[in-house]
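# Examining the three-dimensional arrangement
This is what each chain is made of:
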Amino acid sequence: MKDLAVEVGISLSTVRRDVAQLEQEGSVIVMRGGAVKYKAEDFDQPVVKKRLIHSEEKEIIAKKAAALVEDGDSIYVDSGTTTVSMFKYLQGKRITIVSSSTEMRDYLPIKNAQCIMLGGEVRADLESVLGAQTEKMISDMYFDKAFIGANGYIPDGGIYTYDDREARKKAIVKEHSKKTYALMDTSK
């Protein structure tokens with residue numbers, strides 16, 4: 001499990017806790033030194049499961065996305081396993097970060113960054129805030145760059161998510177951003 005913690009960039013205790021939760025949900029069998037998946041994936045999986053899928057790709061994508069952020073930028077970082085991975089690569093940049101991810105708190109403080117966590121209804125399985133209050137807050141903000149997550153894409157360039165409230169939030173963010181990037185690994 002040490003290797004997984006290093007690869008994903010999280011603490012060993014977090015890996016153990018997440019793997020224990022996956023075992024409790026019946027998604028993996030825990031074995032000495034690791035775990036083996038034995039159950040087919042659901043459509044909209046909780047973040048605790050998604051975090052372990054294509055973790056190397058997510059880290060590469062997050063690092064490249066963070067490299068697009070320049071001092072002085074005001075950015076939006078969506079909830080999601082790939083987008084949230086950006087936080088560790090934003091250290092030291094003089095930026096403003098707005099996020100709907102409840103996971104942002106795990107990365108605070110982010111050196112030199114002003115961080116704003118949005119309020120709203122908490123959807124714990126997605127580690128996200130959403131709903132009317134979140135939409136109202138976003139409607140009063142503008143971003144240089146937005147980094148959003150998605151559950152999949154359509155070849156014509158459209159992206160999708162399973163929750164209508166998440167979709168509305170992403171649409172508002174896109175309207176209020178100079179540039180919007182959808183961060184997705186190949187499982188989408």
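Conventions and cut-offs
Within each chain, residue numbers correspond to sequence positions counted from 1 in written order. Local features in a predicted model are, by the rule used here, given only for residues with pLDDT of at least 70; side-chain atom pairs are given and counted only at 80 or more, and totals for whole chains, interfaces and linings are based on all residues. Derived side-chain values reflect all non-hydrogen atoms in the structure, with water molecules and hydrogen atoms excluded from consideration. Only the contacting stretch of a helix is used when fitting its axis, a line to C-alpha atoms as for every element, and angles between N-to-C directions run 0 to 180 degrees. Where helices and strands are cited, they refer to DSSP runs of H or I of at least four residues and of E of at least two residues respectively, numbered from the N terminus. Angular relationships are summarised with four words: roughly parallel below 35 degrees, roughly antiparallel beyond 145, roughly perpendicular across 65 to 115, and oblique for the angles in between. Residues are treated as being in contact if the distance between any of their heavy atoms lies within 4.5 Å. Nonpolar residues are Ala, Val, Leu, Ile, Met, Phe, Trp, Tyr, Cys and Pro. Charged residues are Asp, Glu, Lys and Arg, and all others, Gly as well, are polar. In a helix, the anticipated span is given by 1.5 Å times the number of residues less one. Relative accessibility decides the category of a residue: with a 1.4 Å probe and only protein chains considered, values under 20% of the type maximum give buried, values over 50% give exposed, and everything between is partly exposed. For this quantity, the arc is that covered by the directions from the helix axis to the C-beta atoms. For two strands to count as paired, DSSP must find a minimum of two bridges between them.

### Looking at the packing of helix α6 (residues 132-139) against helix α7 (residues 164-175)
- Two numbers describe how α6 lies on α7: the axes approach to 9 Å, and their chain directions differ by 5°. Accordingly, the angle class assigned to the pair α6 and α7 is roughly parallel. Residue-level contacts link Thr134, Glu135, Ile138 and Ser139 of α6 to Arg165, Arg168, Lys169, Ile172 and Val173 of α7.
- Tallied by class, the residues present in the contact of α6 with α7 amount to three nonpolar, two polar and four charged.

### Topic: helix α2 (residues 12-24)
- Taking 1.5 Å of rise per residue, the 13 residues of α2 would be expected to cover 18 Å, and the 18 Å separating its terminal C-alpha atoms lies within 8% of that figure.
- The complete set of buried residues in α2 reads Thr14, Val15, Asp18, Val19 and Leu22. Axial view of α2: buried residues confined to an arc of 125°, hence all on one face. In α2, the exposed positions that point more than 90 degrees away from the buried face belong to Arg16 and Gln24.

### Focus: the sheet that holds strand β8 (residues 143-149)
- If you trace the five strands from one edge of the open sheet to the other, you get β5-β4-β3-β8-β11, paired in parallel fashion. Looking at the sheet topology across the chains shown, the edges are occupied by β5 (114-117) and β11 (177-183). Adjacent strand axes in the sheet meet at a mean angle of 20° when their direction is disregarded.
- Two strands pair when backbone bridges link them, and β8 and β11 are joined in this way by six bridges, in the parallel orientation. Note that in β11 the partner of Ile148 across the bridge is Ala182.
- Along the sheet face, α7 touches β3 (74-77), β8 and β11 and points at about 155° away from the line of β8.

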